[in-house]
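Each chain, letter by letter, is given below.
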Amino acid sequence: MGALMLAGNPLAAATYQSHESIRHAAHDYLARQASGVNKDISIEVNDLDPRLRVAACGQPLSTFLPPGSDIFTTSTVGVQCKGDKPWTLYVPAQIKILEKVVITLRPMTRGHKISPQDITTMKREVDGLHTGFY
């Protein structure tokens, strides 16, 4: 009897949409929207609240951006079920643009003459960098 309780109730699990499928739908939507962008990007879809339970959807999930949003400025992706028990969620997600930028390998004092040994290039998220980076 204890083993059955530990295994969980598969019928109950089938009645709820999995968080992974919701996150996957949001990720795929952003990837499709950004496919024509000629930049290196990183897509991050945040975890959903573990207490969240929505009815399992009997059809493919629909995805959209909230009105007035842009894929590079949005912080949410709409995911919805249009089935018998419809629901809509707003999933936190971001697209980050990555570019190679020049960084210093160690702290430098004012007036230091920069040499090739002082710098390197690394891919960094440029969305939050101030203008004037190389």
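Parameters and conventions
- Residues numbered from 1 in each chain as written.
- Predicted model: local features only at pLDDT ≥ 70, side-chain atom pairs only at ≥ 80, totals over all residues.
- Heavy atoms only, no water.
- Phe/Tyr/Trp six-rings, centres within 6.5 Å; stacked < 30°, edge-to-face > 60°.
- Helix = DSSP H or I, 4+ residues; strand = E, 2+ residues; numbered from the N terminus.
- Buried < 20%, exposed > 50% of the residue type's maximum accessible area, 1.4 Å probe, protein only.
- Lys NZ or Arg CZ within 6 Å of the ring centre and 35° of its normal.
- pLDDT = per-residue confidence, 0-100.
- Contact = heavy atoms within 4.5 Å.

A few points about the packing of aromatic side chains
For any two aromatic rings, the description comes down to two numbers: the centre-to-centre distance and the angle of the planes.
Turning to step 1, where the next piece is worked out: One pass over the structure, following the stated rule, counts one aromatic pair.
Turning to step 2, where the next piece is worked out: Geometrically, the ring pair formed by F64 and Y90 is edge-to-face, given 5.9 Å between the ring centres and 85° between the ring planes. Taken as a pair, F64 in strand 2 (residues 62–64) and Y90 in strand 4 (residues 87–104) lie far apart in primary sequence, 26 residues in all.
Turning to step 3, where the next piece is worked out: Judged by its relative accessible area of 48%, Y90 is partly exposed.
Turning to step 4, where the next piece is worked out: Across from the ring centre of Y16, 5.9 Å away, lies the NZ or CZ of R53, which sits over that ring.

Details of the environment of E99
Turning to step 1, where the next piece is worked out: Structurally, E99 can be placed in strand 4.
Turning to step 2, where the next piece is worked out: Taking relative accessible area as the criterion, E99 reaches 29% and is therefore assigned partly exposed.
Turning to step 3, where the next piece is worked out: On a C-alpha basis, the gap between E99 and D40 in space is 6.8 Å, while along the polypeptide they are 59 residues apart.

So, the confidence of the model for the chain
Interpretation of this model should avoid reading the predicted coordinates in detail wherever pLDDT is low.
Turning to step 1, where the next piece is worked out: Taken residue by residue, the chain gives an average pLDDT of 83. The fraction at 70 or more is 83%.
Turning to step 2, where the next piece is worked out: Counting interchain partners and residues more than four positions distant, the pLDDT-below-50 stretch residues 1–12 has zero contacts.

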